[in-house]
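# Descriptive structure summary
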Amino acid sequence: MLGPVGVTLSGLYETSDGYTPVRGAAAGAADQPLDLDSRSAALRVDAPLDGVNLEGANLSLRAATWEEDRGSGLLNARSNASGHSLSATAAKAPTVDGYGWRLQAWRIESDFANSSASVAADRSTTTPANDQYKTPATGWGLNAALRRRVAEIAGGRLEWEVGADARFNEGATNEFFSNPTGAGFARGRRAGGETSVAGAYVDGSWTGGDWLVAGGLRYDRWKNEAGFRYEYTLATGAPILDETDEDRSGEVVSARLAARRDLAAWLGEGYAWRAAAYSGFRPATLNELHRPFRVGNDITEANAGLEPETLRGIETGLAFDRSGVAWGATVFWNEIEDAIVNVTIGEGPATFPRAGFVPAGGVLRQRQNAGTIKAWGLELNGSVRASEALALNAALSWTDAEVDGGAAAPSDGLRPAQAPEWSATAGVDWRATDRLSLGLAARYESARFDDDLNSRTLDPAVTLDARAEWSAGDGVMIWAAVDNAFDADVEVSMTGSDVAGYGPPRTVRAGVRFSY
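My aim in this report is to walk through the structure given alongside it, one point at a time. As the structure is a prediction and not an experimental result, all values here were calculated from the model. (Residues numbered from 1 in each chain as written. Predicted model: local features only at pLDDT ≥ 70, side-chain atom pairs only at ≥ 80, totals over all residues. Heavy atoms only, no water.)

What follows deals with the overall build of the protein. The helix and strand tally for the protein stands at 2 helices and 32 strands. Seen along its three principal axes, the alpha-carbon backbone of the protein occupies a region of about 75 × 55 × 50 Å. Considering only residue pairs separated by 6 or more positions, the protein has 62% of its internal contacts joining residues 24 or more positions apart. Summed over its atoms, the accessible surface of the protein is roughly 27400 Å², and 57% of this surface lies on carbon and sulfur atoms. Looking at the protein, you have 48 positive and 69 negative side-chain charges, and the mean spots of the two groups are 3 Å apart. (Helix = DSSP H or I, 4+ residues; strand = E, 2+ residues; numbered from the N terminus. Contact = heavy atoms within 4.5 Å. Areas by Shrake-Rupley, 256 points an atom, 1.4 Å probe, with all protein chains shown as cover. Lys, Arg positive; Asp, Glu negative; His and termini not counted. Charge placed at Lys NZ, Arg CZ, Asp CG, Glu CD.)

So, on to a nonpolar patch on the surface. Where nonpolar side chains cluster on the molecular surface, the patch consists of Ile314, Val331, Trp333, Trp376, Leu378, Leu380, Leu396, Trp422, Tyr444 and Val462 and spans about 860 Å² of accessible area. Among the elements of the structure, strand E17 (325-337) and strand E22 (372-385) are those that each provide at least two residues to the nonpolar patch. Turning to its location among the elements, Tyr444 is positioned in strand E25 (residues 436-445). Residue classification places Tyr444 among the partly exposed positions, given a relative accessible area of 32%. (Patch = residues over 30% accessible without salt bridge, like charges linked within 9 Å, V, L, I, M, F, W, Y side chains within 5 Å. Salt bridge = Lys/Arg side-chain N within 4 Å of Asp/Glu carboxyl O. Buried < 20%, exposed > 50% of the residue type's maximum accessible area, 1.4 Å probe, protein only.)

As a further point, take the packing of aromatic side chains. In this structure the tally under the stated criterion is 11 aromatic pairs. Aromatic pair Trp398 and Trp422: ring centres 6.4 Å apart, planes at 45°, arrangement tilted. Of this pair, Trp398 sits in strand E23 (residues 390-404) while Trp422 sits in strand E24 (residues 422-431), and the two are 24 residues apart along the sequence. For Trp422, a relative accessible area of 38% puts it in the partly exposed group. Through successive ring pairs, a cluster of aromatic residues spans Tyr133, Phe176 and Phe185. Just above the ring of Tyr99 sits the side chain of Arg148; from NZ or CZ to the centre is 4.5 Å. Across the ring face of Trp266, the terminal group of Arg261 is positioned such that the distance to the ring centre comes to 5.2 Å. (Phe/Tyr/Trp six-rings, centres within 6.5 Å; stacked < 30°, edge-to-face > 60°. Lys NZ or Arg CZ within 6 Å of the ring centre and 35° of its normal.)

In this section: a negative patch on the surface. Side chains of Asp400, Glu402, Asp404, Asp412 and Glu421 sit close together on the surface and give a patch of like negative charge. Structurally, Asp412 is set in the loop between E23 and E24. Residue classification places Asp412 among the partly exposed positions, given a relative accessible area of 32%.

This brings us to the sheet that holds strand E14 (residues 293-295). Two strands in a sheet stick together by hydrogen bonds in their backbones, pointing the same way (parallel) or opposite ways (antiparallel). Here we have 4 strands laid out as an open sheet, ordered E14-E15-E21-E18, and mixed in their pairing. Sheet topology places E14 and strand E18 (340-347) at the edges, where each strand pairs with a single neighbour. Between one strand axis and the next, the sheet turns through 25° on average, direction left out of account. (Pairing = 2+ DSSP bridges. Axes fitted to C-alpha atoms, helices over the stretch in contact; angles between N-to-C directions.)

In this structure, strand E12 (residues 248-262) lies alongside strand E13 (residues 271-282), joined through 7 bridges in antiparallel fashion. Looking at the pairing, Asp262 lines up with Ala272 of E13. Judged from the 12 bridges that link them, E13 and strand E16 (residues 309-322) form a sheet pairing that is antiparallel. The residue bridging Arg282 from the neighbouring strand is Glu309, located in E16.

Moving on, we get to the pairing of strand E2 (residues 36-48). The sheet contact formed by strand E1 (residues 6-16) and E2 spans 11 bridges and is antiparallel. By the bridge assignment for E2, Thr15 is matched with Asp37. Here 13 bridges tie E2 to strand E3 (residues 57-71), and the two strands are oriented antiparallel to one another. From the neighbouring strand, Ala41 faces E3, where its bridge partner is Thr65.

Quick look at the pattern of salt bridges now. Considering all chains together, one arrives at 36 salt bridges under this definition. For the salt bridge of Arg23 with Asp489, the shortest nitrogen-to-oxygen distance reads 3.7 Å. One end of the pair, Arg23, is in the loop between E1 and E2; the other, Asp489, is in the loop between strand E29 (476-483) and strand E30 (491-494), and 466 residues separate them in sequence. Between Asp46 and Arg44 there is a salt bridge whose closest N-O contact spans 2.9 Å. Judged by its relative accessible area of 23%, Asp46 falls in the partly exposed class. Taken together, the salt bridges that share partners define one network made up of Glu175, Arg189, Arg229, Glu231 and Glu301.

For the rest of this paragraph, the subject is unusual backbone geometry. In this structure, Pro349 follows Gly348 across a cis peptide bond, with omega equal to 5°. Looking at the element boundaries, Pro349 is found in the loop between E18 and strand E19 (350-352). The phi torsion at Ala226 lies on the positive side, around 55°, for a residue other than glycine. Tracing the chain through its elements places Ala226 in strand E10 (residues 211-233).

Mapped onto the elements of the fold, Ser493 is located in strand E30. Sequence separation between Ser493 and Gln418 is 75 residues; the distance between their C-alpha atoms is 9.2 Å. Not counting chain neighbours up to four residues away, the residues in contact with Ser493 comprise Asp450, Leu458, Val499, Ala500 and Gly501.

Among the secondary structure elements, Arg78 is positioned in strand E4 (residues 78-92). Since its relative accessible area comes to 34%, Arg78 is described here as partly exposed. C-alpha separation for the pair Arg78 and Thr399, spaced 321 residues apart in sequence, amounts to 36 Å. Beyond its immediate chain neighbours, meaning those up to four positions away, Arg78 contacts Asp35, Asp69, Arg70, Gly71, Ser72, Ala113, Asn114 and Ser115.

Right, dumping it as C-alpha cells:
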C-alpha cells in the first residue's frame with residue numbers, strides 16, 4: 001500500500017520441455033514434445049475516489065501483457081500467442097437503504113500465429129500444410145450498473161442491480177496454405193469480420209426467513225458484420241475466391257429464476273432445498289465464423305452463417321450441511337438449440353470445395369448449427385471434516401446427452417463429442433503439522449467420443465495427483481506436486497487411423513511462493 005493507494009505487480013515465467021502426446025508403438029520421428037515458453041506481467045492500481053457523492057467509491061486500473069510459444073506435438077507445427085489488455089473499473093458498493101453503482105471499460109489486443117502439418121502414414125515425416133502467420137484481433141467493452149440494497153421489504157432484504165453492457169470484437173486471419181507436393185505453399189488467404197453484443201438487464205435477490213429468491217432478465221442484440229474471405233494464388237496474386245458475407249443480426253431474451261428454502265423446520269437443522277430455471281445464449285466467436293484450422297491431417301472449416309446457440313434448463317436439489325458433514329444431490333435437464341458443433345463432411349484422401357485436399361487418415365469438418373443437444377443427469381457431492389486437521393471430499397456426475405439433428409443428420413441420436421457419461425472425483429486434505437499440509441486428488445472419466453459421428457472412442461481413465469506445502473516462515477511457502485502420479489495413459493484425441501494422443505504423463509513440479 002502507498003498511503004490509500006494499493007499497487008499490485010505480478011509476473012510469471014514458465015518453461016517446459018513438455019511431453020509427446022503420441023507415445024508407444026504408434027509414435028514416429030514426426031511426433032515432437034509439447035514444449036512451452038510462457039511469460040506474462042500485470043500491474044494493478046486501486047485507489048479511493050474523492051469528491052462529492054463519491055464517498056466509499058474506488059477506482060481500479062489494470063494493465064497486463066503476455067506471450068506464449070509452444071510446440072504442437074508435430075514436426076513443423078508450432079504456435080505463438082501474444083497480447084496486452086487494459087481495464088478500468090470505478091465502483092461504489094450500495095449501503096443499507098442506499099444506492100451503489102459501477103462503471104467498467106476494457107480493451108484487449110492480441111495476435112496468434114500457428115503452423116500445421118500433414119503427417120505421413122508411418123508418422124516418420126510431416127509436410128507443412130498451413131501457416132497462419134498473423135491473426136490480429138481486438139476486443140473492447142463497456143458496462144454500467146446502478147445498484148440498491150433495501151434493508152426491509154416484505155419481511156426480508158432486497159438487493160437489485162439494473163445495467164447495460166456491450167462487447168465488440170474484430171479480427172482477421174492471414175495465412176498460406178495448399179502444399180500438395182511439399183515444394184511450398186501455393187495459395188494465400190485473408191478472412192475475418194466483426195461481432196458485437198449489446199444488452200440491458202435487471203438482476204435481484206430477496207432474503208427473508210427461510211427463503212432466498214433470486215432472478216434476472218436481460219435483452220441482447222447481436223450482430224455479425226463486415227465478414228469476408230479472399231483467397232489468391234501466391235505466384236501471381238490472381239484471386240481464387242472473393243466472398244463478402246451478408247451482415248446478420250438478431251435479438252435474444254434470456255432469464256433466470258432460483259429459490260432456496262431452509263428445511264430445518266421439516267427435516268432438521270442443516271437441510272435445504274433449491275431449484276432453478278434459466279435460459280441463455282452464446283453467439284459464435286470470430287474463430288468459429290471466419291478462421292479455419294488444421295490439426296495433423298484433420299481440417300475444420302469456419303462457417304460465417306452460424307446462428308447463436310441458446311440454452312434452456314431446470315434443476316432441483318437437496319443439500320445438508322451441519323457439524324462438519326455436507327452433501328448435496330442435484331437433478332438437472334438442459335437443452336441447447338442450434339448447438340455449434342464440428343460436423344464431419346467427409347474423409348480423405350479426397351479433394352473438397354473450399355477446404356482443398358484432405359490426406360488419407362484425415363477428415364474434413366465444418367462448424368455448424370447441428371440441431372439440439374438434450375441432456376439430463378444427476379450430480380452428487382459430499383465432504384466430511386473428520387477433525388481439525390483432516391478433510392475428505394467426493395463428487396459423482398452422470399449425464400445422459402444426445403444430439404437431435406433431425407432424421408437426415410449423421411449425428412442424430414448420437415452423443416456429443418468429448419462428453420463422458422460418468423465422472424467422479426475424490427480427495428483428502430491433511431494438515432500433518434502446523435507447517436506441513438498434504439493433499440491427494442483422484443479423478444475418473446468414463447469413455448467418450450472424439451468426434452460427432454461417435455467413431456473415435458477415447459478410453460476411460462483414472463488419475464491421481466498429490467501435493468505438499470511447507471510453511472518455511474512468514475510469507476514463504478515451499479510446495480511440491482506430482483500430477484498423474486501413476487503415469488496413466490489418458491487418451492485425449494484420436495486420429496482417423498486410430499492413433500491416440502495422450503494427456504500429460506507423470507509430472508513433478510516444485511516451487512516457492514512469497515507473499516507479504
